[in-house]
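The chain contents come next:
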Amino acid sequence: MFIVNIIAFVLTMIGCLNWGLVGIFNWNLVSAIFGAGMNVGSSIIYILVLLSAIWLIIVAISNRGYINLRDRKE
C-alpha cells in the first residue's frame with residue numbers, strides 16, 4: 001500500500017507546485033506541457049491530482065493522521 005501512497009504524494013505535490021506557480025507567476029506548468037486550453041492530457045493530470053489528494057485525505061483519516069511513505073512494517 002505504501003507504493004500507492006508515494007504515487008499519490010508525488011502527484012499531489014505536482015498539483016501543489018502547479019498551483020503555486022499559477023499563484024505567484026501566473027504560469028501554468030500543466031498547460032505549458034500539454035498546450036494551452038483544456039485538452040485530454042491536462043484533464044487527465046488534473047483528475048489524477050484530485051484522486052491522489054482524496055486518497056491521501058482518506059488514508060490520513062483512517063490512520064489517525066499517519067501516512068506510510070516507507071517500505072517497512074511498524
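Residues numbered from 1 in each chain as written. Predicted model: local features only at pLDDT ≥ 70, side-chain atom pairs only at ≥ 80, totals over all residues. Heavy atoms only, no water.

1. Let's talk about the overall build of the protein
Note the threshold: A run of DSSP states H or I qualifies as a helix once it reaches four residues; a run of E qualifies as a strand once it reaches two. Both are numbered from the N-terminal end. Note that the radius of gyration is over C-alpha atoms, with the globule rule given as 2.2 Å times the number of residues to the power 0.38. Using a 1.4 Å probe on the protein chains alone, a residue whose accessible area is under 20% of its type maximum counts as buried, one over 50% counts as exposed, and one in between counts as partly exposed. Contact definition: two residues touch when any of their heavy atoms are within 4.5 Å.
Along its length, the protein carries 3 helices and 0 strands. Overall, the protein shows an N-to-C arrangement of helices and strands of α-α-α. Since a compact globule built from 74 residues should have a radius of gyration of about 11 Å, the 14 Å found for the protein marks it as more spread out than a globular shape. Its C-alpha atoms put the protein at 45 × 25 × 20 Å along the principal axes. Buried positions account for 16% of the 74 residues belonging to the protein. In the protein, the share of contacts with a sequence separation of at least 24, taken over all contacts with a separation of at least 6, comes to 55%.

2. Considerations on helix H1 (residues 2-25)
Just so we agree on the cut-off: Working rule for helices: expected span equals 1.5 Å times residues minus one.
Its 24 residues place the ends of H1 34 Å apart at the C-alpha level, agreeing with the 34 Å of an ideal helix rising 1.5 Å per residue. Restricting attention to buried positions, one finds in H1 the residues Asn5, Ala8, Thr12, Gly15 and Asn18. Of the residues flanking the end of H1, it is Asn26, one or two places downstream, whose phi is positive at about 55°.

3. Remarks on the side chain of Ser52
Relative to the elements of secondary structure, Ser52 occurs in helix H3 (residues 40-62). Judged by relative accessible area, Ser52 falls into the buried class, the value being 6%.

4. Some thoughts on H3
So the rule is basically this: Think of a polar contact as two N or O atoms within 3.5 Å of one another; within protein, one of them needs to be a possible hydrogen donor and the other a possible acceptor, and neighboring residues in sequence only count if both atoms come from side chains.
A rise of 1.5 Å per residue sets the reference length of H3, with its 23 residues, at 33 Å; its end C-alpha atoms lie 33 Å apart and thus fit the reference within 8%. On its buried side, H3 packs onto H1 and helix H2 (29-34). For H3, the side-chain oxygen to backbone nitrogen distance between the N-cap and Gly41 is 3.3 Å, and the N-cap itself is Asn39. Just downstream of H3, Arg64 is the residue with a positive phi angle, here 55°.

5. Considerations on the packing of H1 against H3
Which entries qualify depends on this criterion: For helices, the fitted axis covers only the stretch in contact; all axes are lines through C-alpha atoms, and the angles between them, taken along N-to-C directions, range from 0 to 180 degrees. When describing relative orientation, an angle under 35 degrees is termed roughly parallel and one over 145 degrees roughly antiparallel, while 65 to 115 degrees is termed roughly perpendicular and anything else oblique. What makes a crossing left-handed is the near helix being turned counterclockwise from the far one by less than a right angle; a clockwise turn instead makes it right-handed. For this classification, the nonpolar set comprises Ala, Val, Leu, Ile, Met, Phe, Trp, Tyr, Cys and Pro, the charged set comprises Asp, Glu, Lys and Arg, and every other residue, Gly included, is treated as polar.
Across the interface, H1 lies against H3 with an axial gap of 8 Å and an inter-helix angle of 125°. With respect to H3, the element H1 is oriented oblique. As for the relative orientation of H1 and H3, their crossing is left-handed in sense. Facing H1, whose interface residues are Val4, Asn5, Ala8, Phe9, Leu11, Thr12, Gly15 and Asn18, H3 presents Tyr46, Leu48, Val49, Ser52, Ala53, Trp55, Leu56 and Val59. Here the contact of H1 with H3 is built from residues that sort into 11 nonpolar, 5 polar and no charged.

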